[in-house]
Amino acid sequence: MALALPLKSPRPWPPVLPVAAVIALIALPVAPGGEGGAGPADALSALAVLYCAVRLLRRRSRPLSRRAAVVLGLPVAGLTLAALGASSPVEGLAGLGRYLQVFVLVPAAVLLLVRDRSDFRLLAWSFVGLAGWQGAVGVHQYVTHTGASYQGEDLRAVGTFGPQDVMGMATVVSFGLVCAVGLALGRADVRQRLVATACAGALLLPLAVSFSRGAWIATTVTCAAQLVLAGLRRALTVAAVVAAMGVILVGGLGVGSAMLQERISSITQVTDAPDQSVTDRYTMWAAAVGMWREHPLTGVGLKGFPEHRDAHASLALSSGSDTEGAGSGFVRQPLLSPHNMYLLVLGEQGLVGLLALAGGWLALLVCALGRLRRAHRSRAPGLDCALVACGLLVWQLTDFVYADIGGPSTVLTAVCLGLVAWWALAEPDGPPAPAAAGRPATGAQGDPEAVAR
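These notes cover the structure that comes with them. (Residues numbered from 1 in each chain as written. Predicted model: local features only at pLDDT ≥ 70, side-chain atom pairs only at ≥ 80, totals over all residues. Heavy atoms only, no water.)

Across the interface, helix α1 (residues 17-25) lies against helix α6 (residues 117-144) with an axial gap of 9 Å and an inter-helix angle of 15°. Of the possible angle classes, the one that applies to α1 and α6 is roughly parallel. Read as a crossing pair, α1 and α6 show a hand that is right-handed. Contacts between α1 and α6 pair L17, V19, A20 and I23 from the former with L122, L123, S126, F127 and L130 from the latter. Looking at the contact of α1 with α6 residue by residue, the classes come out as eight nonpolar, one polar and no charged. (Axes fitted to C-alpha atoms, helices over the stretch in contact; angles between N-to-C directions. Helix = DSSP H or I, 4+ residues; strand = E, 2+ residues; numbered from the N terminus. Parallel < 35°, antiparallel > 145°, perpendicular 65-115°, else oblique. Left-handed = near helix turned anticlockwise from the far one by under 90°. Contact = heavy atoms within 4.5 Å. Nonpolar A, V, L, I, M, F, W, Y, C, P; charged D, E, K, R; others polar.)

Okay, the packing of aromatic side chains next. Under the counting rule described, the total for this entry stands at nine aromatic pairs. Aromatic side chains F103 and W361 sit 5.5 Å apart centroid to centroid with 50° between the ring planes, which places their arrangement in the tilted category. Here the residue F103 occupies a position in helix α5 (residues 89-113), and W361 occupies one in helix α14 (residues 341-378), the gap between them amounting to 258 residues. Residue F103 shares its accessibility class with W361, and that shared class is buried. Look at Y342 and W361: their rings are 6.1 Å apart centre to centre, the planes differ by 75°, and that puts the pair in the edge-to-face class. Connected via pairs of aromatic rings, a cluster forms that spans Y99, F103, Y342, W361 and F400. (Phe/Tyr/Trp six-rings, centres within 6.5 Å; stacked < 30°, edge-to-face > 60°. Buried < 20%, exposed > 50% of the residue type's maximum accessible area, 1.4 Å probe, protein only.)

This part covers the environment of Y99. Examined against the element boundaries, Y99 turns out to sit in helix α5. Taking the C-alpha atoms as reference points, Y99 and P75, separated by 24 residues in sequence, lie 8.8 Å from one another. Discounting residues that sit within four places of it in the chain, Y99 has contacts with L79, V104, L302, M341, L344, V345, E348, Q349, L357 and I405.

Taken together, the buried positions of helix α3 (residues 66-73) are A68, V71 and L72. The arc enclosing the buried residues of α3, seen along the axis, measures out at 90°, which places them on a common side. On its buried face, α3 sits against α4 (75-84), α5, α14 and α16 (410-426). (Arc of directions from axis to C-beta.)

Right, let's get into a nonpolar patch on the surface. There is a patch of nonpolar side chains on the surface, built from L81, L84, L297, L351, V352 and L355 and spanning about 580 Å² of accessible area. No other element matches the three residues that α14 contributes to the nonpolar patch. With respect to the helices and strands, the residue L297 is situated in the loop between α12 (276-294) and α13 (305-312). The exposed category is assigned to L297, whose relative accessible area is 53%. (Patch = residues over 30% accessible without salt bridge, like charges linked within 9 Å, V, L, I, M, F, W, Y side chains within 5 Å. Areas by Shrake-Rupley, 256 points an atom, 1.4 Å probe, with all protein chains shown as cover. Salt bridge = Lys/Arg side-chain N within 4 Å of Asp/Glu carboxyl O.)

Applying the stated criterion across every chain yields a total of three salt bridges. Across the pair D42 and R98 runs a salt bridge whose closest N-O atoms are separated by 2.7 Å. Of the two residues, D42 is situated in helix α2 (residues 40-59) and R98 in helix α5; the sequence distance between them amounts to 56 residues. Note that R115 and D119 form a salt bridge whose closest N and O atoms lie 2.9 Å from each other. Here the two residues R115 and D119 agree in accessibility, since each one is buried.

In this section: helix α9 (residues 213-230). Compared with the 26 Å implied by 1.5 Å per residue over 18 residues, the 26 Å span of α9 between its first and last C-alpha is a close match. Looking only at α9, the buried set comprises R213, G214, A215, W216, A218, T219, T222, C223, Q226, L227 and A230. Following α9 by one or two positions, G231 has its phi on the positive side, about 140°. (Expected span 1.5 Å × (residues − 1).)

Take the pairing of strand β2 (residues 153-156) next. Pairing analysis gives three bridges linking strand β1 (residues 148-150) to β2, with the strands arranged antiparallel. Each residue of the ladder has a partner; that of Y150, found in β2, is E153. Where β1 folds back on β2, the antiparallel hairpin that results is connected by two residues, among which Q151 adopts a positive phi of roughly 55°. (Pairing = 2+ DSSP bridges.)

In structure tokens form, the structure reads like this:
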């Protein structure tokens with residue numbers, strides 16, 4: 001009689017793979033001359049939301065907790081009012097769908113699909129991998145002068161996003177850099193920390209040659225915050241190393257260092273001879289404030305900024321920005337948003353919309369920092385996840401001062417908010433509680449897929 005050999009059951013695929021696929025699709029090149037709107041990654045994010053809903057129904061899993069539902073669902077009220085006040089039903093529905101995708105549906109799906117810290121790290125490393133690919137393309141564009149036009153030369157690194165979305169590569173690289181720094185500062189094994197440190201150092205170059213002032217500021221603020229949150233002694237040590245690397249990096253850029261210095265110095269030139277892009281930005285900010293003053297509670301309606309812009313902007317505003325290079329011809333790109341998420345929401349959704357959106361972000365930040373503090377006290381695993389989550393949220397909140405949603409990389413903002421929501425609202429504080437006899441454990445302590453509290 002033959003002995004039956006014990007066979008190991010195949011390990012199930014992690015349910016978070018559709019989200020990782022969304023990140024991977026951002027690597028696809030944008031068609032030259034495209035408008036930079038929704039792309040394949042946005043379509044896949046909708047399928048990921050549908051997959052999450054079907055999975056919950058089939059497994060009869062516990063849905064979002066009351067706290068998670070309130071935090072993630074808070075923007076819905078303001079968005080609904082702003083959609084009703086839009087200039088046309090089509091514009092209102094389109095804007096409502098985009099905002100729900102980025103700030104409600106996809107973050108909730110990520111929160112429910114991430115089971116544990118391993119799934120979280122899988123997505124964090126996916127961000128690092130995507131940033132490495134886009135950064136490599138961007139550095140090649142800078143070296144070979146095949147990038148977007150900048151000061152008369154085609155050397156601005158834009159990755160696969162094209163000149164119509166010059167912030168796309170900078171955003172992707174910044175996300176990867178923030179994730180790498182968080183993974184490097186955690187308590188994981190030495191090999192992971194060394195690889196993450198190397199990745200963070202390598203991503204500094206493509207971020208530099210993106211010439212994106214907003215991304216520079218947000219990344220600097222975020223990395224400094226991550227270092228402080230990881231520990232003051234470590235922060236001082238790493239700061240010294242980063243300063244030395246920065247000197248070497250800038251010194252090795254040759255002629256590019258002069259352009260970098262000029263770009264950096266332009267950040268502070270708000271009143272003394274600012275360039276046209278800075279003038280346009282502050283003019284559009286003033287226009288958004290003017291819209292809010294006329295409609296303080298509900299704003300002018302979703303997607304209403306372009307229609308009301310000229311009535312509130314001064315003559316200093318140019319007709320658009322010139323883009324070319326990176327495989328695309330000359331295009332005069334209109335200025336359709338104030339490049340400030342807070343003022344965009346204030347102008348289009350009023351105080352109701354801004355308080356709802358910003359209130360949800362603030363709640364996420366408070367909960368995430370609270371979990372990070374408890375992880376420090378208990379010396380529990382997951383400090384790297386905490387630093388990644390807090391870093392992504394700090395970066396996004398800082399970058400929103402200089403940018404708003406739009407373009408193929410916007411879906412990554414939704415994934416980032418989902419990761420932050422998982423750490424802030426669904427991460428168990430301890431090991432699973434033992435189940436009673438004949439009764440399965442429930443809740444966040446017994447089910448890694450359930451949402452705590």
